[in-house]
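Here is how the chains run, residue by residue.
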Amino acid sequence: MFYMPSIAVQTTPDAAMVEQAARTVVTRHPPGSVPLTELMGAWYDAGLTWVHFPQGLGGMEAPRQLQPLANRIMREAGGPEPRTVNTIGYGIVAGTIRRYASPEFAAQLLRPLATGEEKWCQLFSEPGAGSDLAGLATRAVREGDGWRVNGQKVWNSLAHISRWAVLLARTDPDVPKHKGLTYFILDMHSPGVDVRPLRQLTGRAQFNEVFLDDVLIPDTQRLGDVGSGWFVANSTLADERTSLGERVVARGSGAIGDAVQLWVDHPANQSPALRERLARLWVRSEAHRLTIERARIAATTGTVGPESAITKLAGSELTQAVYEFCIEFLAAQGALMDTYAPDAVDDESGPNGIQRRYLRSRATTLEGGTSEIMRNVIGERVLKLPQELRNDKTVPWRDVPR
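Residues numbered from 1 in each chain as written. Predicted model: local features only at pLDDT ≥ 70, side-chain atom pairs only at ≥ 80, totals over all residues. Heavy atoms only, no water.

Asker: Explain the overall build of the protein here, please?
Answerer: Check the secondary structure of the protein and you find eleven helices and eight strands. Here the C-alpha atoms of the protein give a radius of gyration of 23 Å, agreeing with the 21 Å that 2.2 N^0.38 yields for 402 residues. Expressed along its principal axes, the backbone C-alpha trace of the protein runs to roughly 80 × 70 × 45 Å. Looking at the 402 residues of the protein, the share that counts as buried comes to 49%. The long-range share in the protein, meaning contacts at least 24 apart out of those at least 6 apart in sequence, stands at 71%. Within the protein, the 46 negative side-chain charges are centred at a point lying 4 Å from the centre of the 44 positive side-chain charges. (Helix = DSSP H or I, 4+ residues; strand = E, 2+ residues; numbered from the N terminus. Rg over C-alpha atoms; globule rule 2.2 N^0.38 Å. Buried < 20%, exposed > 50% of the residue type's maximum accessible area, 1.4 Å probe, protein only. Contact = heavy atoms within 4.5 Å. Lys, Arg positive; Asp, Glu negative; His and termini not counted. Charge placed at Lys NZ, Arg CZ, Asp CG, Glu CD.)

Asker: Sorry if this is basic, but what is going on with the pairing of strand E4 (residues 164-170) here?
Answerer: In regular strands, side chains alternate between the two faces of the sheet. Most of E4 is tucked away, with seven of its seven residues classed as buried. The side-chain alternation of E4 yields two buried faces, one formed by Trp164, Val166, Leu168 and Arg170 and the other by Ala165, Leu167 and Ala169. Relative to E4, strand E1 (residues 120-123) is paired through four bridges, and the arrangement is parallel. Bridge pairing in E4 links Leu123 to Leu167. (Pairing = 2+ DSSP bridges.)

Asker: How should helix H10 (residues 353-361) be read in this particular structure?
Answerer: Because an α-helix completes one turn every 3.6 residues, residues spaced three or four positions apart along the sequence face the same direction. Burial analysis of H10 places seven of its nine residues in the buried class, which makes it a mostly covered element. Three or more residues of H10 are buried, namely Gly353, Ile354, Gln355, Arg356, Arg357, Leu359 and Ser361. Elements in contact with the buried residues of H10: helix H7 (254-265) and helix H9 (308-330).

What is shown is where atoms sit, not what they do.
And the structure:
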């Protein structure tokens, strides 16, 4: 008689497994009854922080589209929307760490990122290199087992409270600008890092300029090969666009939910013309939400492509359009705006919450890449249209006029 040996078959986690894991965590670590770091640490250890990540790195190798299921269970139990625990860490940085850091380095960084114990920021843009990110001038020079960095970055959200940063710097000025960049992880507590807050239109001071004066970064904190920083940075930027474009996950939530509630609360301001305008915004919002769902399902491998520019562009311009409607609908009341003190706690629930969100929405078409850049990305990388003419593609960065 012939016997077949037993073979252990590894199954991909399904919705039932993700749901069971999430309910187990919130039962054993009740939100509101345990410290947030304990709750989010248990969430990470159960593989629920990014369900599509590898086991041991905050994931369980489940399909990416199951993440909203886990997050919904957390919220229903009274816990936070997980990504708000460390906005930049979750939405922008974590994917790049998973793709390019060694498993040991990734494990060191990802758990305190997931618990919120160590905040993150992004040091990419510079005063002379905003939309033209590849033109940046911050220099990193090899020195022994590390790199000596000098330069200035700007528009760095949360840099004033961050422990870590992702940094793009120029390591070779003698090659074309896209080829001479290298990507680093920077400890924001390093000597020579000077963070200076910038006050925004809302009155808050949540973003900054950062000066780097002879900052030493160990080579062990480099992600990707020397000179391949542009490719690594594009991975980060794609995640950022996806994160910004995916903020609305439930029907009727987000900005359009604010507009509908405003309509209900102020019947005296209603008119047929405004009703039609609100209905059109609702249709746009629902189309955007369904596009996000399609993109999330398509990205089951965890790889984000240039299509992320579509959701980012549509979402940012839609947010502005909705809050412009809200201010117009409020009529004279819309002009009654009070801004935050620079160090105030975020609170948009007060009587002037809509006005504050309107002011904040002006940044949505700038952060994560301007709408003009998003249209270029969509045209060139999604629609495969001819690239814009660039006269510096083959010129060494050192020789490009600035």
